[in-house]
Structure formats: structure tokens, C-alpha cells
Amino acid sequence: MTDASATPAWFDISTPDSERARKFYNEMFGWNVLALDGTYALVGAPDSPPTGGIGQAGPDSPYRGVVVYFPVDDVDAALERAEKLGGKRTLEPVDTPNGRIAAFTDLDGYNIGIKSSS
């Protein structure tokens, strides 16, 4: 088990009104907001690669709110480990342009994301 990093790799804000949230966080923190489509935008500090995203939460969304993604060597293996420890998967592993991701709830029901470290 080499998944030892406690440094977040990504964050995601899932909201019922992504346009409003994009405007709020842009004005609050000065984040650059790059809308990929009407449902998801990449965000980050000016002149830096994106470090997170803001997405439109719908009825089939795996979660709402802020989720922090932590880097792991193997998303599928880490998700299985979370389930063996009592976590419940909320987002099946999926490949994205920024790496493979998945999400689960911890023992208290909080959403945690995992992202491939490579």
C-alpha cells in the first residue's frame, strides 16, 4: 500500500446552480473559470493549471457539495480498500482528461474522492 499522500490532488464543487457557483467563487477568490460546457467548469488560480472544478448537480449526481480528491496509485484498488474498511462507493471509477477518478463515503458518510496519481 503506497497511497500515503495527504495532499489533495483535486477538488470538486457539485451544486444545483453551477452558473451561480462559478460567479461566486470567481468573485470570492478570483479563480479563473473555464466552462467546458453548460454543466462543468475548470477552476484555479490565474496563470496556473486548474486545480478543481465546479459542476452541475442533477438527480443522478453521485454527491453534492465539496469533495476533495486524494492521489492514489491505483483508483480501482483504493476504492476496493475503502469498501473493505466500511466505505461505500458513490462514483464508479471513470477516466477523465485529468486522470482516473472515483468517490466513496467514509464511515461518517462524508464524500471522499480518489484520483490517479500518474
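Our subject is the structure listed above.
Values in this document were obtained by computation on a predicted structure and should not be read as measured data. (Residues numbered from 1 in each chain as written. Predicted model: local features only at pLDDT ≥ 70, side-chain atom pairs only at ≥ 80, totals over all residues. Heavy atoms only, no water.)

Asks: Would you take a moment to explain unusual backbone geometry for this structure?
Replies: Negative phi characterises most residues that are not glycine, and trans characterises most peptide bonds. The backbone of Asp47 shows a phi angle near 60°, a positive value even though the residue is not glycine. Tracing the backbone shows Asp47 in the loop between strand E3 (40-44) and strand E4 (52-56). Here Asp47 falls in the exposed class, since its relative accessible area comes to 82%. (Helix = DSSP H or I, 4+ residues; strand = E, 2+ residues; numbered from the N terminus. Buried < 20%, exposed > 50% of the residue type's maximum accessible area, 1.4 Å probe, protein only.)

Asks: Can you help me understand the sheet that holds strand E1 (residues 10-15) in this one?
Replies: Backbone-to-backbone hydrogen bonds join strands into a sheet, with any given pair of strands oriented parallel or antiparallel. Read from one edge to the other, the open sheet built from 8 strands follows the order E2-E3-E4-E1-E5-E8-E7-E6, with strand pairing classed as mixed. This sheet does not close on itself; its edge strands, each paired only once, are strand E2 (32-35) and strand E6 (88-96). Neighbouring strand axes in the sheet, compared pairwise and without regard to direction, differ in orientation by 25° on average. By the bridge criterion, 5 bridges tie E1 to E4 in an arrangement that is parallel. Looking at the pairing, Thr15 lines up with Gln56 of E4. Each of E1, E2, E3 and E4 touches helix H1 (residues 18-29); the most contacted strand, E4, lies at about 150° to it. In this fold helix H2 (residues 75-84) packs onto strand E5 (65-72), E6, strand E7 (99-105) and strand E8 (111-116), with an angle of close to 5° to the strand it touches most, E7. (Pairing = 2+ DSSP bridges. Axes fitted to C-alpha atoms, helices over the stretch in contact; angles between N-to-C directions. Contact = heavy atoms within 4.5 Å.)

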